[in-house]
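Coordinates in review
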Amino acid sequence: MHKNQEYMLNTIRQEAKFTASYTGREAFDERVMQAMQRVNRKAFVSADNKDLAFENSPLPIGHGQTISQPYMVALMTDLVDVKPESVVMEIGTGSGYQAAVLSQLVRQVYTVEKIPELAESARQRLKILGYENIEVRCGSGYHGWKEKAPFDAIIVTAAATHIPQSLVDQLKPGARMVIPIGLPQMYQELMLVAKGKGGTTHTDAVMSVSFVPLVMGDNEEKQ
Ligand code: SAH
């Protein structure tokens, strides 16, 4: 079968059915699927991986990092339940793909990337492709982005050992965060953190996942 965007969407739909018992959703929101349809993943993968762009698998993007599996991008986007007026933060820009998908659904995306070369290439790519509601910052996302906080949703696309309090603090009441938590270089649990209207948080484990580590400096780990 010719691998195209439609093929990618079908694999996401199938995988969503297989994982429904964990995620509690048989299918993702139609708006999320439309965003996945509109953003061309091929434009975010490296030249030697173009043939694999629509496969449901992560792919290397250099510097030991990966663009996430399309299903995982759709799942994380679905879990945070964004609205057209939402302001969202992503930690771990990588290729810029997840940010581009989010940008289709919300007012503004702020995304933070630690590796300068990746931050710069994502910024250029997003500009050339015409995504105007995404701002990329180079730096550690462990402390979030205080100047732009609070957020309606936060998506962390790298695995942390614990839920950083600074990120919880930057969620609005009623907002959600998805973050993989566990041992680096192993499997983690994708956690859904929901901040109630009163400010208390409720955390649920959604399913096992495997992400590259969220790099934390010495000072950051102690917090
Ligand atoms: N969301 C990306 C894939 C992310 S891979 C995409 O759609 O392509 C995880 C990314 O997190 C990597 O690019 C890695 O460099 C970055 N990262 C790791 N630790 C980080 C930190 N503390 N702050 C910001 N980015 C970090």
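Thresholds, definitions, all that
Residues numbered from 1 in each chain as written. Predicted model: local features only at pLDDT ≥ 70, side-chain atom pairs only at ≥ 80, totals over all residues. Heavy atoms only, no water. Pairing = 2+ DSSP bridges. Helix = DSSP H or I, 4+ residues; strand = E, 2+ residues; numbered from the N terminus. Axes fitted to C-alpha atoms, helices over the stretch in contact; angles between N-to-C directions. Contact = heavy atoms within 4.5 Å. Buried < 20%, exposed > 50% of the residue type's maximum accessible area, 1.4 Å probe, protein only. Left-handed = near helix turned anticlockwise from the far one by under 90°. Nonpolar A, V, L, I, M, F, W, Y, C, P; charged D, E, K, R; others polar. Polar contact = N/O pair within 3.5 Å; in protein donor to acceptor, adjacent residues only side chain to side chain. Near = heavy atom within 4 Å. Areas by Shrake-Rupley, 256 points an atom, 1.4 Å probe, with all protein chains shown as cover. Phe/Tyr/Trp six-rings, centres within 6.5 Å; stacked < 30°, edge-to-face > 60°. Lys NZ or Arg CZ within 6 Å of the ring centre and 35° of its normal.

This brings us to the sheet that holds strand 8 (residues 188–195). Think of a sheet as strands paired side by side through backbone hydrogen bonds, with each pair either parallel or antiparallel. Strand order in the open sheet made by the seven strands is 5-4-3-6-7-8-9, with mixed pairing throughout. Either end of the sheet is taken by a strand with one partner, and the two such strands are strand 5 (134–138) and strand 9 (201–209). For this sheet the average axis-to-axis angle between neighbouring strands, irrespective of direction, equals 15 degrees. Direction of pairing for strand 8 relative to strand 9: antiparallel, over a ladder of eight bridges. Note that in strand 9 the partner of Leu-192 across the bridge is Asp-204. Running over the sheet, helix 6 (residues 116–128) touches strand 4 (108–113) and strand 5 and is turned about 165 degrees from strand 5.

The next thing to look at is the environment of Pro-84. Mapping Pro-84 onto the fold places it in the loop between helix 4 (70–80) and strand 3 (87–91). With a relative accessible area of 52%, Pro-84 lands in the exposed category. Setting aside residues no more than four positions away along its own chain, Pro-84 makes contact with Arg-31, Leu-105, Val-106 and Arg-107.

Moving on: the packing of helix 1 (residues 5–18) against helix 4. In a packed pair of helices, the relevant descriptors are the angle between the two axes and the axis-to-axis distance. Their axes nearest at 9 Å, the elements helix 1 and helix 4 cross at an angle of 65 degrees. In this structure, helix 1 meets helix 4 at a crossing whose hand is right-handed. Between helix 1 and helix 4, the contacting residues are Met-8, Ile-12, Glu-15 and Ala-16 on the first element and Pro-70, Tyr-71 and Ala-74 on the second. When its residues are assigned to classes, the contact of helix 1 with helix 4 shows six nonpolar, no polar and one charged.

Let us now look at the side chain of Asp-78. Within the secondary structure, Asp-78 is located in helix 4. A polar side-chain atom of Asp-78 sits 2.9 Å from the main-chain amide nitrogen of Asp-29. Those residues within four positions of Asp-78 in sequence are excluded, and the remaining contacts are Arg-25, Phe-28, Asp-29 and Val-32.

The next thing to look at is the site of the ligand. The full set close to the ligand counts 26 residues, and Glu-90, Ser-95, Glu-113, Gly-141 and Val-215 are the nearest of them. Measuring from a nitrogen atom of the ligand, one finds a backbone N or O atom of Lys-114 at 3.2 Å. A distance of 3.1 Å separates a nitrogen atom of the ligand from a polar atom in the side chain of Thr-157. Here the ligand, which alone exposes 580 Å², has 99% of that area covered by the protein. Elements supplying a minimum of two residues to the shell around the ligand: strand 2 (65–67), strand 3, helix 5 (97–103) and strand 4. Looking at the shell around the ligand, the element that brings in the most residues is strand 2, giving three residues. Considered class by class, the residues forming the shell around the ligand number 11 nonpolar, 12 polar and three charged.

Attention now moves to the packing of aromatic side chains. Scanning all chains against the criterion turns up five aromatic pairs. Pairing Tyr-110 with Trp-145 gives two aromatic rings, centres 5.2 Å apart and planes at 65 degrees, and the pair type is edge-to-face. Here Tyr-110, found in strand 4, pairs with Trp-145, found in the loop between strand 5 and strand 6 (151–156); they are 35 residues apart in sequence, far enough to count as distant. In this pair, the class of Tyr-110 matches that of Trp-145, namely buried. Above the face of the Tyr-97 ring, Arg-41 is positioned so that its terminal group lies 5.9 Å from the ring centre. Taking the ring centre of Trp-145 as reference, the NZ or CZ of Arg-137 above it sits at 5.1 Å.

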